[in-house]
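Spelled out, the chains give:
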Amino acid sequence: QVQVVESGGGLVQPGGSLRLSCAASGSPVSNRISAVAWYRQAPGKKRELVATITSIGNTDYADSVVGRFTIFTADVPRTVYLQMNNLKPEDTAVYYCRVSADMIYWGQGTQVAVSS
């Protein structure tokens, strides 16, 4: 069983930055994860894929965030980050982390609001 917890959301002005974190816990976790992805869902819209990172470090991004968002892992085990720069009002959404392991695991989401 894997538990997924997102954090780092908040209210930011257009042009600002936020860093989201996705922490996966449960054992054994790290040797079963094949990919981690960030999705987002704005009010009244379908959930959409934002960025993906695989266990070997390959990344992929939605066209709408290329050049602004970066997905990466750091020294903290089993944690994936989404660095979001030059945020726009259309980035406002609940951001979810999805972990692909023996099954698909979702977190509860973290709210990002971009507004002046």
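Residues numbered from 1 in each chain as written. Predicted model: local features only at pLDDT ≥ 70, side-chain atom pairs only at ≥ 80, totals over all residues. Heavy atoms only, no water.

**Things to note about the nonpolar core**
Next, step 1: Formed by 29 residues in total, the largest nonpolar core has its most connected members in W38, L82, M84, Y95 and V99.
Next, step 2: Where this core is concerned, the elements lending two or more residues are β3 (18–25), β4 (35–41), β5 (48–54), β7 (69–73), β8 (79–84), β9 (93–100) and β11 (110–114). (Core = buried A, V, L, I, M, F, W, Y, C linked by side-chain atoms within 4.5 Å. Buried < 20%, exposed > 50% of the residue type's maximum accessible area, 1.4 Å probe, protein only. Helix = DSSP H or I, 4+ residues; strand = E, 2+ residues; numbered from the N terminus.)

**A closer look at the pattern of salt bridges**
Next, step 1: All told, the structure shown has four salt bridges when counted by the stated rule.
Next, step 2: The closest approach of N and O atoms between R40 and D91, which form a salt bridge, is 2.9 Å. Here R40, found in strand β4, pairs with D91, found in the loop between β8 and β9; they are 51 residues apart in sequence, far enough to count as distant.
Next, step 3: The class for R40 is buried, based on a relative accessible area of 6%.
Next, step 4: One network of salt bridges, in which partners are shared, links R40, E48, R68 and D91. (Salt bridge = Lys/Arg side-chain N within 4 Å of Asp/Glu carboxyl O.)

**A few points about the state of the cysteines**
Next, step 1: One pass over the structure, following the stated rule, counts one disulfide.
Next, step 2: Shown here is the disulfide that connects C22 with C97, its sulfur atoms set 1.9 Å apart. Because the torsion about its S-S bond is -75°, the bridge between C22 and C97 counts as left-handed. A residue pair is termed long-range when its members are at least 10 positions apart, and C22 in strand β3 and C97 in strand β9 qualify at 75 residues. (Disulfide = S-S within 2.5 Å.)

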